[in-house]
Amino acid sequence: MPQAASSEVAAAVADAHRREWAFVLAATVRVAGDIDAAEEAVQDAYASALATWGERGIPDKPGAWLTVAARHRALDMHRHAATEQRALPKLHGPEEYLPDGPGLDDEGIADDRLRLIFTCCHPALAFEAQVALTLRLLCGLSTADVARAFLVPEATMAARITRAKKKIAAAHIPYRVPPASELHDRIDGVLSVVYLVYTTGHTAPSGAQLMRTDLAERGLELARTLRALLPADPDVAGLLALILLTDARRDARLNEFHEQVLLEDQDRSRWDRRAIAEGVALLREALVSRPPGRFALMAAIAAVHDESGIWSDTDWREILGLYDLLMERWPSPVVQLNRAIALGFALGYAEGLAELDALGAEPQLARYPYLAAARGDFLARLGREEEARVAFQEALILADNEAERRSLRARMGALAGGSGQAGERGQRESPS
Amino acid sequence: MSKYLILIFQDEAATKQSEGEAISAPYQEFMQRRGASLLNGAALQSASTATSIRRDGSGGHSVTDGPFAESKEVLGGYFLIEAADLDEALEIAKEVPAGIGVEVRPVRMVS
């Protein structure tokens, strides 16, 4: 057997962790019958990979190797527990205990992953717990990383995850994909979780960086996984289309000084044409459903931007029409805000400003910096610089992301110079 | 199979109204349909008839008039059911013709 250098082994294990964690865990949960036990078995498998791969070489299929190792470990633990006659709360699924385990065929593992997704996103769990479990169990993020992503202390996140796992075990939340009659309701929650994972990475709620690229990529991977598992679902196609069409602009969102570049000023030659083409093709599929789902409508809006060669060609009337449809499907204050911005570009800044002012009373937008930023933008375009300055100042107080704060300061600075070119960019890059 | 308690919540006004009445037709229908899963169940007298007992921390008890938690949504009755998992329990619970709604709690197994 060929030996492998320790640096190679470490890299291979790290790579397998990133790519295969969810596969291995999903395939182990059924054997272990308990999420905690499965996690422990999977961790043991990764630890033994470090030692074994160094001696025997890196296997051709690291994921399959890890799955076999984790399942053996889980079975050992299971037997051990059985001899101790410990009463373990069990996950209830179609096959609770498989002495031999099913074959490692891709289909079986795909089913396991889908079961794990639906278990993590069960509506009997609080939404934050659904997101935390998804990141922990399906993305393999550490509890500390999940806590950092959602700006809560690690102890708080650890308690939240423990509580959710306890509820899964104590209430017997089943480890299975819901029946077709319930799938439609349940998939919406799953898609919301995946979308939140993506948006949290797309624009980090706080911190020095505009993006959390790791989270954005996890969100994209999860959406791709769902697409592979549920290829006929138009809402899944819509979510993947939305993420691809938004993510296509990633490289153009920062300049060489790591400052935020707003949509209007982005170098469109840096947009990822392949991602856009893939997103547009998926969007066509997603728009087949009547009425179109909310992710499909948001993807359609992103596609209008992506397909405009230059900013001044943007078809704002089309975007406004899509927001009107989105308002019927998903009437939220954030959608109203984005619609008001589109209206300002389609029909006139003064009209847009009036719409924005009407939204000032929305309690959900009271701490949302994009409302003030959008007001500042329209005020600047209308030449009302003093009022624009006040609005940008308000946005600056509310914004926590340092890259966005720098961008707001720059727009205020341009106002002071009196060039009138300043705050010409109020629109958010994507609705959320 | 696991056991779950379905706690039935009602508006206080509604409970008073239904006092002394026979089991309503929707409940009879539900109990017939889901009889195989029902282990036990009862309707409670109105919350105003409740008496609460709290430990006073020094070995004694204080006895007071009224339910444990004052709220407009009062516990009006319960069913103890048996189900394969939470999804089945929720399916059954959705059929309870309760005034406001129900809470489903897994029963802890004590060995």
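Caption draft 1: How the structure looks around the overall build of chain A. Helix and strand counts for chain A come out as 18 helices and 0 strands. Split into buried and exposed, the 432 residues of chain A put 54% on the buried side. Partitioning the contacts of chain A with sequence separation of at least 6, the portion at a separation of at least 24 is 67%. Accessible area of chain A: about 19,100 Å², with a carbon and sulfur share of 53%.

Caption draft 2: Structural view of the pattern of salt bridges. By the definition in use, this model includes 35 salt bridges over all chains. Residue Arg-176 of chain A is joined to Asp-87 of chain B by a salt bridge in which the shortest nitrogen-to-oxygen separation is 3.4 Å. On the criterion of chain membership, the pair formed by Arg-176 of chain A in the loop between helix 7 (154-170) and helix 8 (180-202) and Asp-87 of chain B in helix 3 (residues 86-94) is interchain, its members lying in two chains. You can call Arg-176 of chain A partly exposed: its relative accessible area is 29%. For Asp-87 of chain B, a relative accessible area of 9% gives the class buried. A network of salt bridges, in which partner residues are shared, links Asp-15, Arg-18, Arg-19 and Glu-221 of chain A.

Caption draft 3: Quick look at the packing of helix 5 (residues 127-138) of chain A against helix 7 of chain A. All names here are of chain A. The N-to-C vectors of helix 5 and helix 7 enclose an angle of 95 degrees; their axes lie 9 Å apart at closest approach. By the angle class used here, helix 5 and helix 7 are roughly perpendicular. Listed contacts from helix 7 to Glu-128, Ala-129, Ala-132, Leu-133, Arg-136 and Leu-137 of helix 5 are Met-157, Arg-160, Ile-161, Ala-164, Lys-165 and Ile-168. Among the residues making up the contact of helix 5 with helix 7, the classes are represented as 8 nonpolar, no polar and 4 charged.

Caption draft 4: Just the side chain of Arg-218 of chain A, in detail. All names here are of chain A. Along the chain, Arg-218 falls in helix 9 (residues 213-229). The charged side chain of Arg-218 is buried without a salt bridge, its nearest counter-charge being Glu-221 at 4.4 Å. A distance of 3.0 Å separates a polar atom in the side chain of Arg-218 from the backbone oxygen of Cys-139. Setting aside residues up to four positions removed in sequence, Arg-218 forms contacts with Arg-18, Cys-139, Leu-141 and Val-197.

Caption draft 5: Region of interest: the state of the cysteines. If you walk through the whole model with that rule in mind, you get 0 disulfides over all chains. Among the cysteines around Cys-121 of chain A, which has no disulfide bond, Cys-120 of chain A carries the closest sulfur, lying 6.1 Å off.

Caption draft 6: Geometry of the packing of helix 16 (residues 369-381) of chain A against helix 17 (residues 385-398) of chain A. Residues and elements named next belong to chain A. Contact geometry for helix 16 and helix 17: axes closest at 8 Å, N-to-C directions at 160 degrees. Looking at the two axes, helix 16 sits roughly antiparallel to helix 17. In this structure, the crossing between helix 16 and helix 17 has a hand that is left-handed. In this structure, helix 16 uses Pro-369, Ala-372, Ala-373, Arg-375, Gly-376, Asp-377, Leu-379 and Ala-380 to contact helix 17, whose residues at the interface are Glu-387, Ala-388, Ala-391, Phe-392, Glu-394, Ala-395 and Leu-398. Of the residues that constitute the contact of helix 16 with helix 17, the class distribution is 10 nonpolar, 1 polar and 4 charged.

Conventions adopted
- Residues numbered from 1 in each chain as written.
- Chains lettered and ligands numbered in written order.
- Predicted model: local features only at pLDDT ≥ 70, side-chain atom pairs only at ≥ 80, totals over all residues.
- Heavy atoms only, no water.
- Helix = DSSP H or I, 4+ residues; strand = E, 2+ residues; numbered from the N terminus.
- Buried < 20%, exposed > 50% of the residue type's maximum accessible area, 1.4 Å probe, protein only.
- Contact = heavy atoms within 4.5 Å.
- Areas by Shrake-Rupley, 256 points an atom, 1.4 Å probe, with all protein chains shown as cover.
- Salt bridge = Lys/Arg side-chain N within 4 Å of Asp/Glu carboxyl O.
- Axes fitted to C-alpha atoms, helices over the stretch in contact; angles between N-to-C directions.
- Parallel < 35°, antiparallel > 145°, perpendicular 65-115°, else oblique.
- Nonpolar A, V, L, I, M, F, W, Y, C, P; charged D, E, K, R; others polar.
- Lys, Arg positive; Asp, Glu negative; His and termini not counted.
- Polar contact = N/O pair within 3.5 Å; in protein donor to acceptor, adjacent residues only side chain to side chain.
- Disulfide = S-S within 2.5 Å.
- Left-handed = near helix turned anticlockwise from the far one by under 90°.

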